[in-house]
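Each chain, letter by letter, is given below.
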Amino acid sequence: MNQGKKNGNLIAIITMFFLFAMISFVTNLAAPFGTIWKNEYAGSSTLGMMGNMMNFLAYLFMGIPAGNMLVKIGYKKTALIAMAVGVVGLFIQYLSSVIGASTDVFAFGEYAIKLNFIIYLLGAFVCGFCVCMLNTVVNPMLNLLGGGGNKGNQLIQTGGALNSLSGTLTPLFVGALIGTVTDKTAMSDVAPLLFVAMGVFVAAFIIISFVAIPEPHLQKAGATKEKFSHSPWSFRHTVLGVIGIFIYVGIEIGIPGTLNFYLADSSDKGAGILMNGAAIGGAIAAIYWLLMLVGRTASSAISGKVSSRTQLIVVSVTAIIFVLIAIFTPKDVTVSMPGYSVGEGFMMAQVPVSALFLVLCGLCTSVMWGGIFNLAVEGLGKYTAQASGIFMMMVVGGGVLPLIQQSISDAAGYMASYWLIIAALAYLLFYGLVGCKNVNKDIPVE
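In this text the structure is predicted, and so the values were computed from the model without any measurement.

Q: What exactly am I supposed to notice about the layout of surface pockets here?
A: Over the atoms, a rolling probe the size of a water molecule traces out where space has been left empty. When its volume is computed, the second largest pocket comes out at roughly 270 Å³. F18, A21, M22, F25 and S166 are the residues nearest the centre of the second largest pocket, which is lined by 14 residues in total. At the level of elements, helix 1 (2-40), helix 5 (149-178) and helix 6 (191-209) are the ones that each hand at least two residues to the lining of the second largest pocket. Residue composition of the lining of the second largest pocket, by class: 13 nonpolar, one polar and no charged.

Here's what the structure looks like:
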């Protein structure tokens, strides 16, 4: 009986690892897919980033409800619903490759918005609900399956590593399938990835359906909800941390997303890569996510001795320096970096040295989420769970800030748009230096 339970837990753990990877895979499809839609709408970076915006916008609506679902229906049912929603969202995105390409719906400035673009945005929004629910489920579920403590944390860290690995591979795969963005490039070129993702979700749904999952936090029928005299909003350092999470996710997505657009743009405005720009951009964006994996691994090794506050301050300053170098370095100063295409395989490409310094920011952004979260919930006690739901909502920043950045890039150029990233990093530096201090210690939290 115990052996059967262990085997069931092992299967559930492996499935959760796949879902952890799928969160990053589905999320990171939006930015490279954006190069297709950007080309469709005459180089509009703003419209190209709309899919990413819709994906993250879902967090604003689903963050707190997802937490409530865990309490009311449990981890297992929430995960099953999330996977079903994910299949629907991915299939809707696939439909955008076969429906509505010649149907005008409305005018947006100089652009005639097609039905297929609206279908794609709907699919991205539905996928956002999926990844929000999965984000809410996988961390506590892995902790439970590991029995809590060091073993539970070890499983979470392993899942996080797979999440980063998936984030590394996604833009690489998309770029390889696209190659060079032309007037014939369409969503049908990346349909294989959508079907692979749907297949993984279906398989995970079937497996989880037959696995017993512990549900210690499932609300019993008739149980009354405890009422608190205060809320996380009563704590200044938490409020500033909530803003910090919103800004951080925007930084994390905006840096590689805009870089991908920049490298894929073969016009004078872009990096000037005439062949395989999308493939090269995808490969270099993949390096960013790979460095996030490296940074998280390094942080886990030193976090026992170096505080979250110190780490946040150091990486914020370092990232500001890297981005400033990227902004001020002329485009004709180049460096050799790896790229990939289906036709030519791996290759070295000459790209602006700015790309190198923007990619290095992945080392910095890798530790920011954990640092901000830890500082923002310090001293919250019984209000920590409520704060977690609010933080999940603020992931919407990963859609809002990159969209604003693309609007700036349309008006002033790609590198000029990174001044928004500088301002955002400056806020995180402020939070690490001053904003993270708990000045509301008089509020009872037990």
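Q: Explain the packing of helix 7 (residues 236-264) against helix 10 (residues 353-365) here, please?
A: The axes of two packed helices give the description: the angle between them and the distance between them. Two elements in contact, helix 7 and helix 10, have axes separated by 10 Å at closest approach and are oriented at 155°. When the interaxial angle is binned, helix 7 and helix 10 end up roughly antiparallel. The interaxial crossing formed by helix 7 with helix 10 has left-handed handedness. Where helix 7 approaches helix 10, its residues Y248, I251, I255, L259 and L263 are matched on the opposing element by A355, L358, V359, C361 and T365. Per-class residue counts for the contact of helix 7 with helix 10 are nine nonpolar, one polar and no charged.

Q: Could you clarify how one ought to interpret the side chain of T238 in this entry?
A: Among the secondary structure elements, T238 is positioned in helix 7. In this structure the side chain of T238 is engaged in a polar contact, spanning 2.8 Å, whose partner is the backbone oxygen of A376.

Q: What am I meant to see in the packing of aromatic side chains here?
A: A ring pair, where both rings are aromatic, is described by two values, the distance of the centres and the angle of the planes. Applying the stated criterion to the full structure yields 17 aromatic pairs. Each residue in the set F33, W37, Y41, Y111, F117 and Y120 is aromatic and connected to the rest through ring pairs, giving one cluster. Here the basic side chain of K269 rests over the ring of Y414, its NZ or CZ set 5.3 Å away from the ring centre.

Q: For this particular structure, what's the right way to read the pairing of strand 1 (residues 104-108)?
A: Two faces, one strand: in a regular strand the side chains alternate between the faces of the sheet. Where strand 1 lies against strand 2 (residues 111-114), four bridges are found, and the strand directions are antiparallel. Paired with A107 across the two strands is A112, which belongs to strand 2. Hairpin connection between strand 1 and strand 2: a loop of two residues separates the two successive antiparallel strands, and G109 in this loop has a positive phi of roughly 65°.

Q: Honestly, empty space enclosed by the protein in this entry has me stumped. Any pointers?
A: For the structure on display, the rule yields three cavities of 30 Å³ or more. By volume, the largest cavity amounts to about 110 Å³. In terms of lining, the largest cavity is formed by 13 residues, of which the most central are N28, A31, P32, G257 and W289. Of all the elements in the fold, those that place two or more residues in the lining of the largest cavity are helix 1, helix 3 (50-95), helix 7 and helix 8 (277-302). Summarising the domain contributions, the lining of the largest cavity has at least three residues from each of domain 1 (1-217) and domain 2 (231-439).

Q: Is there a simple way to explain the pattern of salt bridges in this structure?
A: Working definition: two side chains of opposite charge can pair if their charged atoms are close together. Using the criterion set out here, one finds three salt bridges in the structure. D265 serves as the salt-bridge partner of K38, at 3.5 Å between the closest nitrogen and oxygen. Of this pair, K38 sits in helix 1 while D265 sits in the loop between helix 7 and helix 8, and the two are 227 residues apart along the sequence. You'll find K38 and D265 in the same group, each marked buried.

Q: Would you mind going over the packing of helix 7 against helix 11 (residues 368-377) with me for this structure?
A: Direction vectors running N to C along helix 7 and helix 11 enclose 165°, while the axes themselves pass 8 Å from each other. Judged by the inter-axis angle, helix 7 sits roughly antiparallel to helix 11. Relative to helix 11, the crossing made by helix 7 is left-handed. Mapping the contact onto sequence places H237, T238, G241, G244, I245, Y248 and V249 in helix 7 and M368, W369, I372, F373, L375 and A376 in helix 11. Class assignment for the residues of the contact of helix 7 with helix 11 results in nine nonpolar, four polar and no charged.

Q: Help me understand helix 13 (residues 397-412) in this model?
A: Given 3.6 residues per turn, any residue in an α-helix points the same way as the ones three and four places further on. For helix 13, with 16 residues, the first-to-last C-alpha span of 22 Å sits near the 22 Å given by 1.5 Å per residue. G397, G398, G399, L401, P402, L403, Q405, Q406 and S409 are the residues of helix 13 that are buried. Of the surrounding secondary structure, the elements contacted by the buried residues of helix 13 are helix 2 (45-48), helix 3, helix 7 and helix 14 (418-435). One or two residues past the end of helix 13 sits G413, with phi positive at roughly 115°.

Q: Hey, could you run me through a nonpolar patch on the surface in this one?
A: A surface patch of nonpolar side chains, amounting to about 560 Å² of accessible area, comprises V98, I99, V105, F106, F108, L115 and I118. For the nonpolar patch, the secondary structure elements donating two or more residues are strand 1 and helix 4 (115-145). Per-element accounting of the nonpolar patch gives the leading share, three residues, to strand 1. Checked against the element boundaries, F106 lands in strand 1. Take F106: its relative accessible area is 42%, and that puts it in the partly exposed class.

Q: What should I look at first to understand the side chain of S366 in this one?
A: Within the secondary structure, S366 is located in the loop between helix 10 and helix 11. The residues contacting S366, other than those within four sequence positions of it, are M292, G295 and R296.

Q: It is not clear to me how the environment of K38 should be interpreted in this structure. Could you clarify?
A: Residue class for K38 comes out buried when judged on its relative accessible area of 7%. For the pair K38 and F261, spaced 223 residues apart in the sequence, the C-alpha separation amounts to 8.5 Å. A polar contact of 3.5 Å, which involves the side chain of K38, links it to the backbone oxygen of F261. There is a polar contact of 3.5 Å between the side chain of K38 and the side chain of D265.

Q: Looking at this structure, I do not really get the confidence of the model for the protein. What am I missing?
A: Close inspection of predicted coordinates is inappropriate in any region flagged by low pLDDT. When the pLDDT values of the protein are averaged, the result is 83; 87% of them are 70 or greater. Across the protein, element-level confidence peaks in helix 14 with a mean pLDDT of 97 and bottoms out in helix 5 with 70.

Q: Any chance you could explain the environment of L360 here in plain terms?
A: Along the chain, L360 falls in helix 10. Exposure remark for L360: the relative accessible area of 22% places this residue in the partly exposed category. Taking C-alpha positions, L360 is 8.2 Å from A319, a pair spaced 41 residues apart along the chain. Apart from the residues lying within four places of it in its own chain, the contact partners of L360 are L291 and F322.

Rules of the game
Residues numbered from 1 in each chain as written. Predicted model: local features only at pLDDT ≥ 70, side-chain atom pairs only at ≥ 80, totals over all residues. Heavy atoms only, no water. 1 Å grid on protein atoms, 1.4 Å probe; cavity = no way out; pocket = protein on both sides within 12 Å on 5 of 7 lines; lining within 4 Å. Points joined across faces, edges and corners; volume = space filled by probe spheres on them. Helix = DSSP H or I, 4+ residues; strand = E, 2+ residues; numbered from the N terminus. Nonpolar A, V, L, I, M, F, W, Y, C, P; charged D, E, K, R; others polar. Axes fitted to C-alpha atoms, helices over the stretch in contact; angles between N-to-C directions. Parallel < 35°, antiparallel > 145°, perpendicular 65-115°, else oblique. Left-handed = near helix turned anticlockwise from the far one by under 90°. Contact = heavy atoms within 4.5 Å. Polar contact = N/O pair within 3.5 Å; in protein donor to acceptor, adjacent residues only side chain to side chain. Phe/Tyr/Trp six-rings, centres within 6.5 Å; stacked < 30°, edge-to-face > 60°. Lys NZ or Arg CZ within 6 Å of the ring centre and 35° of its normal. Pairing = 2+ DSSP bridges. Domains from an automatic or database assignment. Salt bridge = Lys/Arg side-chain N within 4 Å of Asp/Glu carboxyl O. Buried < 20%, exposed > 50% of the residue type's maximum accessible area, 1.4 Å probe, protein only. Expected span 1.5 Å × (residues − 1). Patch = residues over 30% accessible without salt bridge, like charges linked within 9 Å, V, L, I, M, F, W, Y side chains within 5 Å. Areas by Shrake-Rupley, 256 points an atom, 1.4 Å probe, with all protein chains shown as cover. pLDDT = per-residue confidence, 0-100.

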